[in-house]
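# Observations on the three-dimensional arrangement
Spelled out, the chains give:
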Amino acid sequence: MAAIKKITTPLTYDQVKGLKAGDQVTITGVIFTARDAAHKILVENLKAGNSLPVDFKDQIIYYAGPTPAKPGKVIGSCGPTTSSRMDAYTPTLLGQGLRGMIGKGPRSKEVIESMKNNGAVYFAAIGGAAALIANSIKKVEIVAYPELGPEAIRRMEVVDYPCIVAIDAEGNNLYELGVKQHRAAD
Amino acid sequence: MREISTELITRTVRDLCIQAACDLPKDVEELLQKALEKETSQFGKYSLDKILKNVTLSREEQAPMCQDTGMTVIFVEVGQEVHIVGENLTEAINEGVRQGYTEGYLRKSVVEDPVFHRNNTGDNTPAVIHTEIVPGDQIRIQVLPKGAGSENMGALKMCKPAEGLEGIKEFVIKTITEAGGNPCPPVIVGIGIGGTIDKCTLLAKKALTRKAGEPHPNPEYAKLEQELLEEINKLGIGPQGFGGQVTALAVHIETYPTHIAMMPVCVTLNCHAARHKEAIL
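Computed from a prediction, not measured in an experiment: that's the story for all the values here.

## Some thoughts on the nonpolar core
- Ranked by internal contacts, the top residues of the largest apolar core, which has 84 residues, are Ile27(A), Tyr62(A), Ile102(A), Phe123(A), Ile153(A) and Tyr161(A).
- The biggest single contributor to this core is strand β7 (residues 153–167) of chain A, with 9 residues.
- Mapping this core onto the domain boundaries places at least three of its residues in each of domain 1 (2–20 + 65–146) and domain 2 (149–273) of chain B.
- Leave out the neighbours within four places in its chain, and Tyr62(A) touches Ile31(A), Phe32(A), Thr33(A), Ala34(A), Cys78(A), Gly79(A), Pro80(A), Ile102(A), Ile133(A), Met156(A) and Tyr161(A).
- Listed in part, the 25 residues of the second largest apolar core include Cys159(B), Ile176(B), Val189(B) and Val267(B).

Below, the structure is given as structure tokens:
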């Protein structure tokens, strides 16, 4: 495996241009969690002409809902959730300047087209490896929708959060390339 | 008549919920270890290595291995010579879930209404409880926290008898192919065949309680499990869907007699964190 690329937030288009599907990366800086219910509210707010509680320009959304922190810990276990559930909302948020997403599993054609148009990247983290991943999360605060519990929007400060570029801004897709390469011949 | 108190049942369910979330059964871990030895794809190996490190870390730190600590599926086998003493059995079990998820710092993921009021119940109740009356004077409780990432990829087909074995295989392969990287492969595949629509889905879930990789006692079904496992692993989906040889760790089939006009098939998937714990009272 090639050298690990270190990226820092805010994630600019210049940084995104240098990332290719299959790159192993670590992320340091601020990321925001948002999942199903939060996405629904965000997009409804935009449709109603309201401003969002977070400015997503050049930011990364992490599709995650952590377990509660044990006493003395900043967070519980916190791995990625299935990204495709957010597909219906993602082009709208990419239109707001969202630059990166972290999750697991493939994305829809519409999302990939929107990523290409907006210059965004999709990172995959290892689904289920939530205790391991939590070690890279150093600070957490709820910034919106606390009533959603595990689905509230959290601002996280991460150091060397490990993931892989699954789909780059040119639309190269590790999920398709990898599977094609390993599918047994008929 | 042996008496078993609902207090004991509550305490047992509480402990099983916490143990299940943090301690992957050894049988599943061994299959993951074998998968790492077999896998040749770069990202497949990378994923399995991280998954196994996570299993060890969660056990050591008593931290949930996955943040999705699931909707709690509970199988209860009640011996017909047992007298349950105390409160309502369902309430006793839900109280155990409530205590386990709260005191164990597990994520509460259950909403009170599926459509109109998706408000979190705040304590992961109610559990999905399947009770069965069996011979004997014991109670067996199995707890399976079921994550939604894999559960969403399950499917049911009311196959026609004429579709036969090929129809079953085709449906299973189609389901796994469409699931791709979503259910956190490598997966354990639970398949129910026979009964009615309700019985069939229950069989599939019950198949997930079997010791991981243990073949069906009937050699015909054991052979079908093996064939399906090989076919699934030829798909190339691989760990996490990044491509590779190991898409499934095991295939478990459970069957039941059915009607002359039916052949229902249900596929339910468990992610690599195939959590299950049991206790016998």
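Text resumes after the structure shown.
## Describing helix α4 (residues 89–103) of chain B
Residues and elements named next belong to chain B.
- For α4, which comprises 15 residues, the first-to-last C-alpha distance of 21 Å matches the rise-based estimate of 21 Å (1.5 Å per residue) to within 8%.
- Capping the start of α4 is the job of one residue whose side-chain oxygen sits 2.8 Å from the backbone nitrogen of Thr-90: Asn-88.
- Immediately beyond the C-terminal end of α4, within one or two residues, lies Tyr-105, with a positive phi of roughly 55°.

## So, the sheet that holds strand β6 (residues 155–159) of chain B
Residue and element names in this part refer to chain B.
- Reading across from one edge, β6-β9-β7-β8 is the order of the 4 strands in this open sheet, with mixed pairing throughout. The sheet terminates laterally at β6 and β8 (248–258), the two strands that pair on one side only. Taken over all neighbouring pairs, the strand axes of this sheet differ in orientation by 15° on average, direction set aside.
- By the bridge criterion, 5 bridges tie β6 to strand β9 (residues 263–270) in an arrangement that is antiparallel. Within β9, the position partnered with Leu-156 by the bridge is Cys-266.
- Strands in contact with helix α2 (residues 26–38) are β7 (187–195) and β8; relative to β8, the strand with the most contacts, it is inclined by about 130°.

## Brief notes about the interface of chain B and chain A
- Between chain B and chain A, the residue contacts involve 40 residues of the former and 44 residues of the latter.
- When chain B packs against chain A, the two sides together hide about 3400 Å² of surface, and 62% of this comes from carbon and sulfur.
- Among the residues chain B hides against chain A, the three largest losses belong to Gln67(B), Tyr105(B) and Phe242(B). Together they make up 21% of the total.
- The tally of links between chain B and chain A comes to 1 salt bridge.
- Its salt-bridge partner being Glu61(B), residue Lys73(A) comes within 3.8 Å of it at the nearest N-O pair.
- Scanning the region where chain B abuts chain A turns up 13 residue pairs in polar contact (both at pLDDT 80 or more).
- Ranked by residues supplied to the side of chain B that touches chain A, first place goes to helix α3 (residues 42–61) of chain B with 11 residues.

## Concerning the UniProt feature "domain: Fe-S hydro-lyase tartrate dehydratase alpha-type catalytic" (unreviewed entry) in chain B
- Here the UniProt-annotated "domain: Fe-S hydro-lyase tartrate dehydratase alpha-type catalytic" (unreviewed entry) positions come out as residues 11–279 of chain B.
- Spanning residues 11–279 of chain B, this segment combines 39% helix with 24% strand, and its end C-alpha atoms are found 11 Å apart.

## Brief notes about the packing of α2(B) against α3(B)
All names here are of chain B.
- Across the interface, α2 lies against α3 with an axial gap of 9 Å and an inter-helix angle of 150°. Classified by the angle their axes make, α2 and α3 are roughly antiparallel. Relative to α3, the crossing made by α2 is left-handed. Side by side, α2 and α3 meet where Lys-26, Glu-29, Leu-32, Gln-33, Ala-35 and Leu-36 of the first sit next to Lys-45, Leu-48, Asp-49, Ile-51, Leu-52, Val-55, Thr-56 and Arg-59 of the second.

## Looking at unusual backbone geometry
- Along the chain, Thr125(B) connects to Pro126(B) via a cis peptide bond; the corresponding omega equals 0°.
- Put simply, Pro185(B) and Pro186(B) share a cis peptide bond, and its omega is 5°.
- For Pro186(B), the location among the structural elements is in the loop between α6 (164–179) and β7.
- If you check the backbone angles, Asp58(A) has positive phi at about 60° while not being a glycine.

## Here's the deal with the environment of Thr28(A)
Residues and elements named next belong to chain A.
- Take Thr-28: it is sitting in strand β2 (residues 24–33).
- For Thr-28, a relative accessible area of 23% gives the class partly exposed.
- Linking Thr-28 and Val-158, residues 130 residues apart in sequence, is a C-alpha distance of 5.3 Å.
- Those residues within four positions of Thr-28 in sequence are excluded, and the remaining contacts are Ile-7, Thr-8, Thr-9, Val-158, Val-159 and Asp-160.
- Side-chain polar atoms of Thr-28 contact the backbone nitrogen of Asp-160, separated by 3.0 Å.

## Focus on the pattern of salt bridges
Residues and elements named next belong to chain B.
- Counted according to the given criterion, the structure contains 40 salt bridges over all chains.
- Note that Arg-140 is salt-bridged to Glu-278, the shortest N-O span being 2.9 Å. Residue Arg-140 is found in strand β5 (residues 139–146), and its partner Glu-278 is found in strand β10 (residues 277–280); the two are separated by 138 residues along the sequence.
- Residue classification places Arg-140 among the partly exposed positions, given a relative accessible area of 27%.
- Accessibility expressed as a relative area gives 38% for Glu-278, which makes it partly exposed.
- Within the structure, one salt-bridge network assembled from shared partners comprises Asp-23, Lys-26, Glu-29, Arg-59 and Lys-277.

## Digging into the packing of helix α1 (residues 6–22) of chain B against α4(B)
Residue and element names in this part refer to chain B.
- Here α1 crosses α4 at 40°, and the two axes come no closer than 7 Å. Two packed elements cross with a definite hand, and for α1 against α4 that hand is right-handed. Residues Thr-6, Ile-9, Thr-10, Val-13, Arg-14, Cys-17 and Ile-18 of α1 form the contact with α4, whose own contacting residues are Leu-89, Ala-92, Ile-93, Glu-95, Gly-96, Val-97, Gln-99, Gly-100, Tyr-101 and Glu-103.

## As for the side chain of Gln240(B)
- Its location among the elements puts Gln240(B) in the loop between α8 (219–233) and β8.
- A polar atom in the side chain of Gln240(B) sits 3.0 Å from the backbone nitrogen of Gly127(A).

The rules behind the values
- Residues numbered from 1 in each chain as written.
- Chains lettered and ligands numbered in written order.
- Predicted model: local features only at pLDDT ≥ 70, side-chain atom pairs only at ≥ 80, totals over all residues.
- Heavy atoms only, no water.
- Core = buried A, V, L, I, M, F, W, Y, C linked by side-chain atoms within 4.5 Å.
- Buried < 20%, exposed > 50% of the residue type's maximum accessible area, 1.4 Å probe, protein only.
- Helix = DSSP H or I, 4+ residues; strand = E, 2+ residues; numbered from the N terminus.
- Domains from an automatic or database assignment.
- Contact = heavy atoms within 4.5 Å.
- Expected span 1.5 Å × (residues − 1).
- Polar contact = N/O pair within 3.5 Å; in protein donor to acceptor, adjacent residues only side chain to side chain.
- Pairing = 2+ DSSP bridges.
- Axes fitted to C-alpha atoms, helices over the stretch in contact; angles between N-to-C directions.
- Buried area = accessible area lost by both parts, 1.4 Å probe.
- Salt bridge = Lys/Arg side-chain N within 4 Å of Asp/Glu carboxyl O.
- UniProt positions renumbered as here; feature names shortened; annotations may be inferred.
- Parallel < 35°, antiparallel > 145°, perpendicular 65-115°, else oblique.
- Left-handed = near helix turned anticlockwise from the far one by under 90°.

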